[in-house]
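Structural description and commentary
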Amino acid sequence: MLSSLVLALSCLVISPNASAAPNGVPAAGQSIPLIRRSQPERTVADWESWAKNEREVLIAKYGGTMEKRSTGTNLMTNQNADSSYFGTVAIGTPPISFNVILATGSSDLWVAGQACTTGCSEVQLFDDLQSSTFHNLSEIFQIQYGSGAAEGTLGQDVVQMAGFSVPNQTFGVVTQETSGLLNPPVSGILGLAWQSLASYGASPLWQTLASSGAWTDPLMAFQLTRFINGSNVNTEEPGGSFTMGFVDSSLYTGIIDYQALPVTPSYWILPMTSLTVQGNSVTIPSGSSSYSAIDTGTTLVGGPSSAIQNIFAQIPGSQPGAGSWQGYWTYPCSTAVNVAISFGGPSWPISPADFQLVKLSESQCVGAFFELSSSTALGWVIGDTFLKNVYSVFRYNPAAVGFAALSNTALAMNGVNAPAPSPTIVSVSTGSASTGSASAGSASAGPATASATAGTGGGTNAASHRWGVPWVPLVGSISVAVGAAWM
């Protein structure tokens, strides 16, 4: 207040034409005109500096604390023509980069360890002896899949991502996994669902950051690229972006439609309210049977058998798959199938290119929607077949999932061959990032609890086995992944 008063008084001077009365007392009836001294015009940068200083001074004066919040971006890789999308985390001191599937359908972080004996070839391995900050929790864990398993021990260490650092993050160090569970160069999985779903009870990396106030906004967002059924597609292509603490306005247009989670958070669940095929409404289950797990770690879309049958009933020439293709449906490749889904807000269309999973022949194609087992805990699992068509946002508080239409900038990235992003590991203490950049943001991870008995899925033959239908090695070197974990 005093500094503001001094500033105000310094701007006022007595006119040289005013006569001063003896002893500085003006004569009766005499007026003293005042004029404002001219000031140079302030620039935006001047105002920015002043505003920052003013806020900091007042917070310090009245006993507040400055919030250290920030944002970060992790560039992703599109693996095997949209089969999976992976980013990078850095673990340990000194930090070592690991490629991990980013899965919003699970909550556990694990990577292959140096002692891994099976299923871990051609990937980066975590060596706990090389990290000065690693703490062995001496707990055994096992993650079971329909098509395989991973097992190892639990530990804690510094984990960095997109410029953020969590010093005591609990994660699994895998010593054995079923061959083919993940495809090189992927070393593990980063679960991005809620702590209540975590198989070993620890707070997921994202939730620690969001709950601690490390992010500018309590949300994370995805933009996924499309390369499926493209020509000359490399095994690894640019996969889009994963942002923490903000939404990238250059990647979407219009508003983000947020829909609140209908139940206590575990999966990122939304109720499916409508589905159309070729413009015709399809009968789908209601109530809890309409609950859909929104999962970036799943390649396709799985749903109730009755609903999937109703979808293909709208496509002339469709036939249920047999043998290894049981649970899938075929349809004429000459038919461009237009599906749109609503979760209580706008109806979001899926590109016919994404609906077509693979060609069995010149005339017969396999659809990207498959039937889930009747024993599945959820009605639907909404994977990348849908998520490639929207900008998706996962909000911590209030808990919600949001979708927006992709911008022309985002759409222009589809099918454009380019080098896949390379991780860059540097110190985050000055605000640098691993794969992307951001100002510093740190938090403390929650404590470890019981050992894991169930965990994340992901990669190749973990695919539809996880959802109750047989995995199929698809024609044209296409594979699918399912990243959601069962509770």
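Attention here is on the structure that accompanies the text.

So, the overall build of the chain
- Counting its regular elements, the chain contains 7 helices and 29 strands.
- Across the 487 residues that make up the chain, the buried fraction comes to 52%.
- Contacts in the chain between residues at least 24 apart in sequence constitute 73% of all its contacts with a sequence separation of at least 6.
- Here the chain displays about 20600 Å² of accessible surface, and carbon together with sulfur accounts for 54% of that area.

Things to note about the nonpolar core
- Of all hydrophobic cores here, the largest spans 93 residues; its most connected members are Leu275, Ile311, Phe369, Trp380, Phe386 and Phe403.
- Filtering out sequence-adjacent residues up to four positions away, Phe386 remains in contact with Val301, Ile341, Phe343, Trp348, Ile350 and Phe403.
- Counting residues in hydrophobic clusters, the runner-up holds 11 residues, among them Ile228, Leu357, Val358 and Leu372.

With respect to the pairing of strand β4 (residues 84-91)
- Of all 8 residues that make up β4, 8 are buried, and the element is covered over most of its length.
- Side chains Ser84, Phe86, Thr88 and Ala90 project from β4 onto one buried face, and the interleaved Tyr85, Gly87, Val89 and Ile91 project onto a second face that is buried too.
- Two strands pair when backbone bridges link them, and strand β3 (residues 72-79) and β4 are joined in this way by 3 bridges, in the antiparallel orientation. Within β4, the position partnered with Asn78 by the bridge is Tyr85.
- Here β3 folds back onto β4 in antiparallel fashion, the turn holding 4 residues, of which Asn80 has a positive phi close to 55°.
- If you look at the hairpin formed by β4 and strand β5 (residues 96-103), you'll find 4 residues sitting between the two strands, and Gly92 has a positive phi there, around 95°.

Section: the pairing of strand β27 (residues 391-395)
- Summarising burial for β27: 5 of the 5 residues are buried, a large majority.
- Residues Tyr391, Val393 and Arg395 of β27 are buried on one face, and the alternating residues Ser392 and Phe394, pointing to the opposite face, are buried as well.
- In the sheet, strand β11 (residues 219-224) pairs with β27 via 4 bridges, with the strands oriented antiparallel. Its bridge partner lying in β27, Ala221 is registered against Val393.
- With 5 bridges connecting them, β27 and strand β28 (residues 400-406) associate as antiparallel partners. Counterpart to Phe394 in the pairing with β28 is Val401.

Structural notes on the pattern of salt bridges
- Applying the stated criterion to the full structure yields 3 salt bridges.
- Between Lys388 and Asp354 there is a salt bridge, and its shortest N-O distance comes to 2.8 Å. Taken as a pair, Lys388 in the loop between α6 (384-387) and β27 and Asp354 in helix α5 (residues 352-355) lie far apart in primary sequence, 34 residues in all. Per residue, the accessibility class of Lys388 equals that of Asp354, and both read buried.
- Taken together, the shared-partner salt bridges in this structure form one network comprising Asp82, Arg226, Asp354 and Lys388.

Some details on the sheet that holds strand β23 (residues 356-359)
- The strand order across the open sheet built from 4 strands is β19-β20-β24-β23, with neighbouring strands paired in antiparallel fashion. Two strands close off the open sheet at either side, each with one partner strand: β19 (319-320) and β23.
- Bridging between strand β20 (residues 329-332) and strand β24 (residues 364-367) involves 3 bridges; their strand directions are antiparallel. Residue pairing for β24: Tyr331 is matched across the bridge by Cys365.
- Running over the sheet, helix α4 (residues 305-313) touches β20 and β24 and is turned about 10° from β20.

Basis of the calculations
Residues numbered from 1 in each chain as written. Predicted model: local features only at pLDDT ≥ 70, side-chain atom pairs only at ≥ 80, totals over all residues. Heavy atoms only, no water. Helix = DSSP H or I, 4+ residues; strand = E, 2+ residues; numbered from the N terminus. Buried < 20%, exposed > 50% of the residue type's maximum accessible area, 1.4 Å probe, protein only. Contact = heavy atoms within 4.5 Å. Areas by Shrake-Rupley, 256 points an atom, 1.4 Å probe, with all protein chains shown as cover. Core = buried A, V, L, I, M, F, W, Y, C linked by side-chain atoms within 4.5 Å. Pairing = 2+ DSSP bridges. Salt bridge = Lys/Arg side-chain N within 4 Å of Asp/Glu carboxyl O. Axes fitted to C-alpha atoms, helices over the stretch in contact; angles between N-to-C directions.

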